[in-house]
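Fold and geometry: a report
Residue strings, one per chain:
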Amino acid sequence: SDLSNFRLGKLRVESLKASIPDCRFDYGLATRKKVIRLSKSGVGTGTVRLKAEDLEAFILKKFAEIKRVTVRIEKDKVFVDGFGEFVIVQTNFSVIATLGSPDGKTLELQNARIFFDDKPAEDAAKKVLLDTLNPVVDLNRDLKLYDAIQVKGIRLLDGYLEAWGDTRIPDSPDP
């Protein structure tokens, strides 16, 4: 299926394309009660595309410490500039980083160069900022995807982030 311009939790998604084979549903329940209940899902592939400006809006909603932020994606880097009120300091900050998914369930800033008020951050301050911002997106906690997507790769393009991986219809979460 192809979806565009929709929300997952507080994150606007530009597009999502997924092909999931071998899906089965309870035919008897559907005919008796007009209810569709999935009984089996295969594993397919999917690609999601996000705009930098939508990541920007998401960061402002997710992280109370971040009071102002802009996000740019150019070539293979993400540039995050803003103002934050952290435990140890209130300051302007700049991050130049790549994005990765160490566990297939999160998107995290990696290989980060960090500056506070245009000066390279010391290790302790750098750790505070990265601990605040990572994971930038948690697919299960933030987007309620319940392991529907296992990220295998991320590509940063001018103005966009694309992530792809294995997709499946998730099991129903516990009530």
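Residues numbered from 1 in each chain as written. Predicted model: local features only at pLDDT ≥ 70, side-chain atom pairs only at ≥ 80, totals over all residues. Heavy atoms only, no water.

Some points on the side chain of Thr 98
Operational definition: Each helix is a run of H or I in the DSSP string that is no shorter than four residues. Each strand is a run of E no shorter than two, and both are numbered from the N terminus. Think of it in three bands: residues with accessible area under 20% of the maximum for their type are buried, residues over 50% are exposed, and the middle band is partly exposed, with areas taken using a 1.4 Å probe on protein chains only. Think of a polar contact as two N or O atoms within 3.5 Å of one another; within protein, one of them needs to be a possible hydrogen donor and the other a possible acceptor, and neighboring residues in sequence only count if both atoms come from side chains. Between two residues, a contact is recorded if the distance between any of their heavy atoms is within 4.5 Å.
Following the sequence through the fold, Thr 98 ends up in strand β8 (residues 90–100). By relative accessible area, Thr 98 is classed as buried at 18%. A distance of 3.0 Å separates the side chain of Thr 98 from the side chain of Asn 111, its partner in a polar contact. Every residue in contact with Thr 98, bar those within four places of it in the chain, is listed here: Asp 76, Lys 77, Val 78, Glu 108, Leu 109, Gln 110, Asn 111 and Leu 156.

A closer look at a nonpolar patch on the surface
The test is simple: Like charges within 9 Å and nonpolar side chains (Val, Leu, Ile, Met, Phe, Trp, Tyr) within 5 Å are joined into patches, using only residues over 30% in relative accessible area that form no salt bridge. The Shrake-Rupley method, run with a 1.4 Å probe, gives the accessible areas here. Residue values count only the displayed protein chains as cover. When a carboxyl oxygen of Asp or Glu lies within 4 Å of a side-chain nitrogen of Lys or Arg, that pair is called a salt bridge.
On the surface, Phe 25, Tyr 27, Ile 36, Leu 38 and Ile 169 cluster together into a nonpolar patch covering about 520 Å² of accessible area. On the basis of relative accessible area, Ile 36 is assigned to the exposed category, the value being 65%.

Brief notes about the sheet that holds strand β1 (residues 2–8)
Put simply, the rule is: Only strands that DSSP links by at least two bridges are regarded as paired with each other. Lines fitted to the C-alpha atoms define the axes, with helices restricted to the stretch that makes contact. Angles between their N-to-C directions range from 0 to 180 degrees.
Ordered in space as β1-β2-β5-β13-β12, the five strands form an open sheet in which the pairing is antiparallel. Edge strands, defined here as strands with exactly one partner in the open sheet, are β1 and β12 (149–157). Pairs of neighbouring strands in the sheet enclose a mean axial angle of 25°, with direction left out of account. As judged from the eight bridges shared by strand β5 (residues 44–51) and strand β13 (residues 160–167), these two strands associate in the antiparallel manner. When the bridges of β13 are listed, Thr 47 appears paired with Trp 164. The sheet contacts of helix α2 (residues 52–62) involve β1, β2 (11–19), β5 and β13, and relative to β5 the element is tilted by about 80°.

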